[in-house]
There are 2 protein chains.
Amino acid sequence: MLIITGMPGAGKDEFVKVARSMGFVDVHMGNTVKKYALKNNIKQDDSSIGKYASAERQRFGMDIWAKRTAEDIREPDITIVDGLRNCEELEYFKKHFDNIIVIAVFANESERLERILKRDREDDVKSQEGLRKRDSRELSWGIGKVISLADYMIVNDSTLDEYHKNVGILLNDIINRHSEIKKKLVK
Amino acid sequence: MLIITGMPGAGKDEFVKVARSMGFVDVHMGNTVKKYALKNNIKQDDSSIGKYASAERQRFGMDIWAKRTAEDIREPDITIVDGLRNCEELEYFKKHFDNIIVIAVFANESERLERILKRDREDDVKSQEGLRKRDSRELSWGIGKVISLADYMIVNDSTLDEYHKNVGILLNDIINRHSEIKKKLVK
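No experiment lies behind these values; they were computed from the predicted model shown.

Rules of the game
- Counting restarts for each chain: residues are numbered from 1 in the order of the written sequence.
- The lettering of chains begins at A and the numbering of ligands begins at 1, in the order of writing.
- Two thresholds apply to this predicted model, a pLDDT of at least 70 for residue-level local features and 80 or more for giving and counting side-chain atom pairs, whereas whole-chain, interface and lining totals are computed over all residues.
- Only hydrogens and water are set aside; all other atoms, that is, all heavy atoms of the structure, feed into the side-chain values.
- When DSSP finds at least two bridges between two strands, those strands are taken to pair.
- For the purposes of this entry, the term helix denotes a DSSP run of H or I that reaches at least four residues, the term strand denotes a run of E that reaches at least two, and both are numbered from the N terminus.
- Orientation is described by lines fitted to C-alpha atoms, with helices fitted over the stretch in contact, and by angles between N-to-C directions that extend from 0 to 180 degrees.
- Contact definition: two residues touch when any of their heavy atoms are within 4.5 Å.
- In short, buried area is how much 1.4 Å probe accessible area vanishes from two parts on joining, totalled over both.
- Any carboxyl oxygen of Asp or Glu within 4 Å of a side-chain nitrogen of Lys or Arg constitutes a salt bridge here.
- Within 3.5 Å is the distance limit for a polar contact, defined as a pair of N or O atoms, with the added protein rule that one can donate a hydrogen and the other accept it, and that residues adjacent in sequence qualify only through two side-chain atoms.
- A simple rule labels every residue: compare its accessible area, found with a 1.4 Å probe on the protein chains alone, to the largest value its type can have, and call it buried under 20%, exposed over 50%, or partly exposed in between.
- Take the buried residues of types Ala, Val, Leu, Ile, Met, Phe, Trp, Tyr and Cys, join any two whose side-chain atoms come within 4.5 Å, and each joined set is a nonpolar core.
- To line up the copies, we fit them by least squares on C-alpha atoms, keeping just the residues with pLDDT of at least 70 in both.
- For this analysis, a ring pair means two rings from Phe, Tyr or Trp (six-membered ring only for Trp) whose centres lie within 6.5 Å, classed as stacked if their planes differ by under 30 degrees, edge-to-face if by over 60, and tilted for the remaining angles.
- Over a ring means this: the NZ of a Lys or the CZ of an Arg is within 6 Å of the ring centre and within 35 degrees of the ring normal.

### Considerations on the sheet that holds strand 4 (residues 101–106) of chain B
Residue and element names in this part refer to chain B.
Line of reasoning, step 1. Read from one edge of the open sheet, five strands run 2-3-1-4-5, paired in parallel fashion. Strands at the two margins of the open sheet, each flanked by one partner only, are strand 2 (25–28) and strand 5 (152–155). Each strand of the sheet is rotated relative to its neighbour by a mean of 25°, with strand direction disregarded.
Line of reasoning, step 2. Pairing of strand 4 with strand 5 involves four bridges; the strand directions are parallel. Bridge pairing in strand 5 links I103 to Y152.
Line of reasoning, step 3. Packing of helix 2 (residues 29–39) onto the sheet brings it into contact with strand 2 and strand 3 (79–84), and relative to strand 2 it is tilted by some 50°.

Here you go:
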């Protein structure tokens, strides 16, 4: 099972797109948050969603979003989980699933800001100040630790084409090293 | 001014070697710690040095090792500082020097452990357990944050030759983008 982490705008979504095209099944911790937020009538902007996610972590434990996302996982070996934010979430996945592989995606602040402004997603930050606030929030949850201790790091600092190509190379390498993935992807 | 960060054993020393061969002047926060430890009769093993470094941080502030290392910097533009551990150190450097460029070096735990055991340095950890303790210590100082927010990330996951080559490419790229470095290196 692959788990993706990385700062906002680093390129997690595009990583997952490539993985999906290769047969992986994607689940998104962010979608779990949005689903629960919608049920609870929370506004769908970045700040409201973030506050709600934090409040739920304080109420139910730092691993609550891992726990709720795990309910949607049917084929763990070929699942890619998007959006790991802290060590407690990682511990949850490691306790309940085998062969956890953590992949961190890196881009620096200016690259991330440029991409976020370009993608213009409803729940995204709209400025450098907004991004810094969001970075701080995610770092306060412990994302720096899971990034620094990842099994693989991929740097997304050139073109989208180049990045897609590098993601494909990395995923093929991982598939070849992990028979449990290879068996299910190559039918 | 370049500042290098990364988990223990990631490849900071080898990065600095390449930079030195290209004309950069290297200073090492770790050497500052060792110098002060020696003056104060602290044992030179990893755990004693680590405890001493932490104690001094608690006594004099999180940026104390940046402050003491900065005293040795004569030519900031072409200096490479090895061993950034936390945000407060970074703030110190940013406050006192212009054009700070943070470079993070990444390797995963098994690669780092293999390299550490091979280099057999006196002040190093000797086992996976020792490395995990040291990782935890450095993460508690906030190294995960400076790694995640670096300006450049370089992945050191293949051979030493390949890594040296990639470091050279990255440094040349940085030199070409920064006229203050270029002016002093290309005489």
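So, next bit.
### Digging into the interface of chain A and chain B
Line of reasoning, step 1. Listed as interface residues are 16 residues of chain A and, on the opposing side, 16 residues of chain B.
Line of reasoning, step 2. Summing the contributions of chain A and of chain B, the shared interface buries around 1,400 Å²; its carbon and sulfur component is 69%.
Line of reasoning, step 3. Contact with chain B buries surface across chain A, with A:F106, A:S148 and A:M153 losing the most and accounting together for 38% of the total.
Line of reasoning, step 4. Counting every contact that joins chain A to chain B gives zero salt bridges.
Line of reasoning, step 5. In this structure, the connection of chain A to chain B is made through two residue pairs in polar contact (both at pLDDT 80 or more).
Line of reasoning, step 6. Of all the secondary structure elements, the ones that give two or more residues to the side of chain A that touches chain B are helix 7 (128–141), helix 8 (143–148) and strand 5 (152–155) of chain A.

### Structural notes on the pairing of strand 1 (residues 2–6) of chain B
All names here are of chain B.
Line of reasoning, step 1. Counting buried positions along strand 1 gives five out of five residues, so the element sits mostly inside the fold.
Line of reasoning, step 2. Across four bridges, strand 1 lies against strand 3 in parallel orientation. Each residue of the ladder has a partner; that of L2, found in strand 3, is I80.
Line of reasoning, step 3. Bridge analysis of strand 1 against strand 4 gives five bridges, and the strand direction is parallel.

### Observations concerning the nonpolar core
Line of reasoning, step 1. Ranked by internal contacts, the top residues of the largest apolar core, which has 68 residues, are A:F93 and B:F93.
Line of reasoning, step 2. Residue contacts for B:F93: discarding those within four places in its chain leaves B:M1, B:I3, B:M29, B:A66, B:A70, B:I73, B:V81, B:L84 and B:I100.

### Some words on helix 6 (residues 109–119) of chain A
Residue and element names in this part refer to chain A.
Line of reasoning, step 1. Taken residue by residue, helix 6 has E111, R112, L113 and I116 as its buried positions.
Line of reasoning, step 2. In this structure, the buried side of helix 6 is in contact with helix 7.
Line of reasoning, step 3. Backbone geometry just after helix 6 places D120 at a positive phi near 50°.

### Focus on the relation of the copies chain A and chain B
Line of reasoning, step 1. Relative to chain B, chain A is turned by 180° and slid 0.0 Å along the rotation axis, the superposed coordinates differing by an RMSD of 0.0 Å. Within this description, the copies of the chain are treated as partners about a two-fold rotation axis. Residue A:G144, judged by its C-alpha, is the member of chain A lying nearest the rotation axis, at 2.1 Å.
Line of reasoning, step 2. When the interface residues of chain A are mapped onto chain B, 100% of them are again interface residues, pointing to one common binding face.

### A look at the environment of A:S158
Line of reasoning, step 1. With respect to the secondary-structure elements, A:S158 resides in the loop between strand 5 and helix 9 (160–177).
Line of reasoning, step 2. Looking at A:S158, the relative accessible area reads 43%, which means it is partly exposed.

### Details of unusual backbone geometry
All names here are of chain B.
Line of reasoning, step 1. In the Ramachandran plot, N41 falls in the positive-phi region, its phi being about 60° despite a non-glycine side chain.
Line of reasoning, step 2. When you line up the elements, N41 lands in the loop between helix 2 and helix 3 (46–60).
Line of reasoning, step 3. A residue is classified by how much of its surface remains accessible, and N41, at 71% relative accessible area, is exposed.
Line of reasoning, step 4. For N99, which is not a glycine, the phi torsion comes out positive at approximately 50°.
Line of reasoning, step 5. Take N99: it is sitting in the loop between helix 5 (87–96) and strand 4.

### Here we look at the packing of aromatic side chains
Line of reasoning, step 1. Under the definition given, this model contains eight aromatic pairs over all chains.
Line of reasoning, step 2. Here the aromatic rings of A:Y92 and A:F93 are separated by 6.3 Å at their centres, their planes lie at 80°, and the arrangement is edge-to-face.
Line of reasoning, step 3. Here the aromatic residues A:Y36, A:Y52 and A:W65 are joined through ring pairs into a cluster of three or more.
Line of reasoning, step 4. Geometry around A:Y36 places A:K39 over its ring, the cationic atom sitting 4.6 Å from the centre.
Line of reasoning, step 5. Cation over ring: B:R68 sits above B:W65, and NZ or CZ is 4.8 Å from the ring centre.

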